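Close look at the chain arrangement
Chain by chain, the residues run as shown.
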Amino acid sequence: MPTFNRVSAAGGIDGMIIAGLDGKVLFQSGRSSESSLLQAVANEQKVRRELVTDTNGEPALALAFPLYSRGKAKGVGMYLLGLSTVADEIADNASAVTELVSTDGELLYSTDEAAGAIDWREQPIGQATWKMIPTGETRYATTFLPLEDVDGNVAANLVLQRDFTQVVANVQRVTWIKNLVVAGVILLALVIIYRQISTA
């Protein structure tokens, strides 16, 4: 327990579970999960790192490992860390606003609450895809990534948003200039044709 308290205070983990070889939870502190990972590690006697769904229905990173006493397997330990805790790091690495959205479209966490009020229930939640989402005058290039847990269920959706407003504006400006040039060329051609007809 002292080790757990020190590590959790530092933000390294936010949950701990100790289970018997039958996968039944004997002790838990902080974040918890009823994942089949406990039983799997008890059976395999191997350390595993997986994504699980916690008892609140939110995604969490799990490190599960067998526990021994005098060389004999006695149970399984599991450390948990909510995925929202590492969302800021994901945002920095991806240079994007990072959000966690539940399978029913509820916003679980966002690295930037001012990124825009998007109705996630109307978005393609549950499938890996990319789309442009306008929010007011801002346009976001948005990537949706469903996060599947160790039990095969979608625990949540990782959403990465990049502000493409300026890029879209530049493309529209280039298109406007291109259309203006085309119109100018057509007008010039018409003037030349008119003059040739007039002097014929």
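Attention here is on the structure that accompanies the text.

The rules we used
- Residues numbered from 1 in each chain as written.
- Predicted model: local features only at pLDDT ≥ 70, side-chain atom pairs only at ≥ 80, totals over all residues.
- Heavy atoms only, no water.
- Helix = DSSP H or I, 4+ residues; strand = E, 2+ residues; numbered from the N terminus.
- Contact = heavy atoms within 4.5 Å.
- Phe/Tyr/Trp six-rings, centres within 6.5 Å; stacked < 30°, edge-to-face > 60°.
- Pairing = 2+ DSSP bridges.
- Axes fitted to C-alpha atoms, helices over the stretch in contact; angles between N-to-C directions.
- Salt bridge = Lys/Arg side-chain N within 4 Å of Asp/Glu carboxyl O.
- Buried < 20%, exposed > 50% of the residue type's maximum accessible area, 1.4 Å probe, protein only.
- Arc of directions from axis to C-beta.

**Examining the environment of Val-47**
With respect to the helices and strands, the residue Val-47 is situated in the loop between helix H2 (37-44) and strand S3 (48-53). Taking the C-alpha atoms as reference points, Val-47 and Leu-63, 16 residues apart in sequence, are found 7.4 Å from one another. Among residues more than four places away in sequence, those in contact with Val-47 are Leu-63, Ala-64, Phe-65 and Pro-66.

**Topic: the packing of aromatic side chains**
Counting across every chain of the model gives two aromatic pairs. An angle of 50° between the planes, with centres 5.4 Å apart, marks the rings of Phe-65 and Tyr-79 as tilted. Of this pair, Phe-65 sits in strand S4 (residues 59-69) while Tyr-79 is found in strand S5 (residues 72-82), placing the two residues 14 residues apart along the sequence. Note on Trp-120 and Phe-144: the rings are 6.1 Å apart at their centroids and 75° apart in plane angle, and the pair reads as edge-to-face. On the criterion of sequence distance, the pair formed by Trp-120 in the loop between strand S7 (107-110) and strand S8 (129-135) and Phe-144 in strand S9 (residues 138-148) is long-range, its members being 24 residues apart.

**Looking at the sheet that holds S4**
Ordered in space as S2-S1-S5-S4-S3, the five strands form an open sheet in which the pairing is antiparallel. One side of each edge strand has no neighbouring strand; the edge strands of this open sheet are strand S2 (25-30) and S3. Averaged over all pairs of adjacent strands, the angle between strand axes in this sheet comes to 25°, irrespective of strand direction. In this structure, strand S1 (residues 15-19) lies alongside S2, joined through five bridges in antiparallel fashion.

**Points about the pattern of salt bridges**
Think of it this way: side chains of opposite charge can pair up when their charged atoms draw near. Inspection of every chain in the model, using the stated rule, returns five salt bridges. For the salt bridge of Arg-31 with Asp-54, the shortest nitrogen-to-oxygen distance reads 2.4 Å. You can see Arg-31 sitting in the loop between S2 and H2 and its partner Asp-54 sitting in the loop between S3 and S4, a full 23 residues away along the chain. Among the residues examined, Arg-31 registers a relative accessible area of 17% and is labelled buried. What makes Asp-54 buried here is its relative accessible area of 5%. Overlapping salt bridges bring together Asp-14, Arg-31 and Asp-54 as one network.

**Examining the environment of Leu-147**
Of note, Leu-147 is situated in strand S9. Setting aside chain neighbours within four positions, we find Leu-147 in contact with Leu-51, Leu-83, Leu-100, Asn-153, Val-154, Ala-155, Ala-156, Asn-157 and Leu-158.

**A word on the sheet that holds strand S10 (residues 154-163)**
Pairing is antiparallel across the open sheet formed by five strands, whose spatial order is S7-S6-S10-S9-S8. Edge positions in the sheet fall to S7 and S8, since each of these pairs with one other strand and no more. For this sheet the average axis-to-axis angle between neighbouring strands, irrespective of direction, equals 25°.

**What about helix H3 (residues 87-94)?**
Residues spaced three or four apart along an α-helix face the same direction, because each turn holds 3.6 residues. Looking at H3, one finds that the buried residues are Ala-87, Ala-91 and Ala-94. On an axial view of H3, the arc spanned by its buried residues comes to 80°, and they lie on one face. Turned more than 90 degrees from where H3 packs its buried face, Glu-89, Asp-92 and Asn-93 sit exposed. Contacts from the buried residues of H3 go to strand S6 (97-101), S7 and S10.

**Notes on H2**
Buried residues of H2: Leu-37, Leu-38, Ala-40, Val-41 and Ala-42, and no others. Those residues of H2 that are buried are in contact with S1, S2, S3, S4 and S5. At the exit of H2 stands Gln-45, carrying a positive phi of roughly 55°.

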